[in-house]
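In case you want the letters, here they are:
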Amino acid sequence: MSKDKPSIERSRGRPISIDKMSVLDAAMLTFWEKGYEGASLTDLTQTMKISRPSLYSGFGGKADLFDAALVRYAKTIGSVPLVAFEEEREIDKAVHIFLSASAKGNTHVNYPRGCLIVCCATSTAETAPKVRERLKYLYLELQKRLIKRFDVETGLSAHISSLQRAVMMIDLATGQAIRARLGWTEEELLKDVEIRVRSVLGLA
C-alpha cells in the first residue's frame, strides 16, 4: 500500500458491507457533531447501536473508525460540490455551483454545521499522523480533480494557473465551512458567491 494513498477499505482487508455502512454513517455524524476528541466511545456505540467489542472487531478502534468516517464523508456528502462542478459544462456556472453546493452542504438542516474534515479532522491532524496523512491525501485528490476540470478550459485568463484556481476554490469552501460552524446561514454564505466566482475565473 502506498504511503500517499491510505487504504480506503479497512475492516481487516474486507469490503465494508451495506449494514456496516449504515453504522459507519452514524459514527460519521457523531464525529462531525462532537469532533474526534469530543466523541467518546460511549457516544459512538450508542449512536451506532453496537457494543464496544463489535466496534473493535468491525473497525479496529476509535482511530480507525474515524479514518473510515473521513473516507465515507469524502465519498458521499463531502463530494457533492465537486461532482456538481465536474458535471456542469460551462465553467462559470460550474464554479458557482461548487460554491453554492458547498454553502448548502455546510448549513444543511439534517447534518451538523460546517464540514467534518475542515471543522473536526484538521484539529486532530497535528497530533495524529494517520489523520494528517488521510487529510493530505483527500486534499490532493480534490485539488487534482479541480485542476483537471480547469485544464480543459481554453477561455480562461492565463495569468492564473489551474493549480491556483483549485487552491482558491478549496480555500473558499474551507472558509464557508468555518463560517457555517460559527452560525452563518446559507443565505449569508451565498451573498459573496458572485465575487468569489469572478475571482476564481480571474475576472475580478
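Residues numbered from 1 in each chain as written. Predicted model: local features only at pLDDT ≥ 70, side-chain atom pairs only at ≥ 80, totals over all residues. Heavy atoms only, no water.

## A short note on the packing of helix H7 (residues 116-125) against helix H9 (residues 162-181)
Rules: Here the axes come from fitting lines to C-alpha atoms, over the contacting stretch only for helices, and the angles between their N-to-C directions go from 0 to 180 degrees. Numbered from the N terminus, helices here are DSSP runs of H or I no shorter than four residues, and strands are runs of E no shorter than two. By definition in this entry, angles of less than 35 degrees are roughly parallel, angles greater than 145 are roughly antiparallel, angles of 65 to 115 are roughly perpendicular, and the rest are oblique. In this description, contact between two residues means that some pair of their heavy atoms is separated by no more than 4.5 Å. Amino acids outside the nonpolar list (Ala, Val, Leu, Ile, Met, Phe, Trp, Tyr, Cys, Pro) and the charged list (Asp, Glu, Lys, Arg) are all regarded as polar, and Gly is one of them.
Between H7 and H9, the least distance of the axes is 8 Å, while the angle of their chain directions is 85°. Here H9 runs roughly perpendicular to H7, going by the angle between their axes. Between H7, through Val118, Cys119 and Cys120, and H9, the contact on the second element is made entirely by Thr174, Ala177, Ile178 and Arg181. Considered class by class, the residues forming the contact of H7 with H9 number five nonpolar, one polar and one charged.

## Brief notes about helix H4 (residues 62-75)
What counts here: The span one expects for a helix is its residue count, reduced by one, times 1.5 Å. When accessible area is computed with a 1.4 Å probe and restricted to protein chains, residues below 20% of their type maximum are described as buried, those above 50% as exposed, and intermediate ones as partly exposed.
For H4, with 14 residues, the first-to-last C-alpha span of 20 Å sits near the 20 Å given by 1.5 Å per residue. With ten of 14 residues buried, H4 lies mostly within the body of the structure. Taken together, the buried positions of H4 are Lys62, Asp64, Leu65, Phe66, Asp67, Ala68, Ala69, Leu70, Val71 and Tyr73.

## Let's talk about unusual backbone geometry
Positive phi, normally seen in glycine, also occurs at Lys49, with a value near 60°. As for its position among the elements, Lys49 is in the loop between helix H2 (41-48) and helix H3 (52-59).

## Details of the nonpolar core
Inclusion rule: The set of buried Ala, Val, Leu, Ile, Met, Phe, Trp, Tyr and Cys residues whose side-chain atoms join them within 4.5 Å is what this entry labels a nonpolar core.
With 34 residues, the main nonpolar core has Phe31, Leu44, Met48, Leu65 and Leu116 as its most contacted residues. The leading source of residues in this core is helix H1 (residues 18-38), at nine residues. With near-sequence residues (within four places) excluded, Phe31 lies in contact with Tyr36, Ala39, Leu44, Lys62, Leu65, Phe66, Ala69, Leu116 and Cys120. Leu82, Val95, Leu99 and Ala173 belong to the second largest nonpolar core, which has 19 residues in total.

## Here we look at the pattern of salt bridges
Here is the rule: Salt-bridge detection follows one rule: a side-chain nitrogen of Lys or Arg within 4 Å of a carboxyl oxygen of Asp or Glu.
As enumerated under the stated definition, the model contains nine salt bridges in all. Salt-bridge contacts for Lys130 lead to Asp64; the nearest nitrogen and oxygen are separated by 2.4 Å. Remark: Asp64 occurs in helix H4 and Lys130 occurs in helix H8 (residues 129-151); sequence separation between them is 66 residues. Given a relative accessible area of 14%, Asp64 falls into the buried group. One salt bridge connects Glu86 with Arg145, and the closest N-O pair in it is separated by 2.7 Å. Of this pair, Glu86 sits in helix H5 (residues 80-87) while Arg145 sits in helix H8, and the two are 59 residues apart along the sequence. What makes Glu86 partly exposed here is its relative accessible area of 30%. Residue Arg145 is classed as partly exposed on the basis of its relative accessible area, which comes to 34%.

## Thoughts on the environment of Asp67
Here Asp67 shows up in helix H4. C-alpha separation for the pair Asp67 and Ala121, spaced 54 residues apart in sequence, amounts to 9.5 Å.

## Digging into the packing of H5 against H8
As a reminder of what qualifies: Here a crossing is taken to be left-handed if its near helix is turned anticlockwise relative to the far helix by less than a right angle, and right-handed if that turn runs clockwise.
For the pair H5 and H8, interaxial distance at closest approach is 10 Å and the crossing angle is 15°. If you check the angle between H5 and H8, you find them roughly parallel. The handedness of the crossing between H5 and H8 is left-handed. Every residue of H8 that contacts H5 at Leu82, Phe85 and Glu86 is listed here: Leu142, Arg145, Leu146, Arg149 and Phe150.

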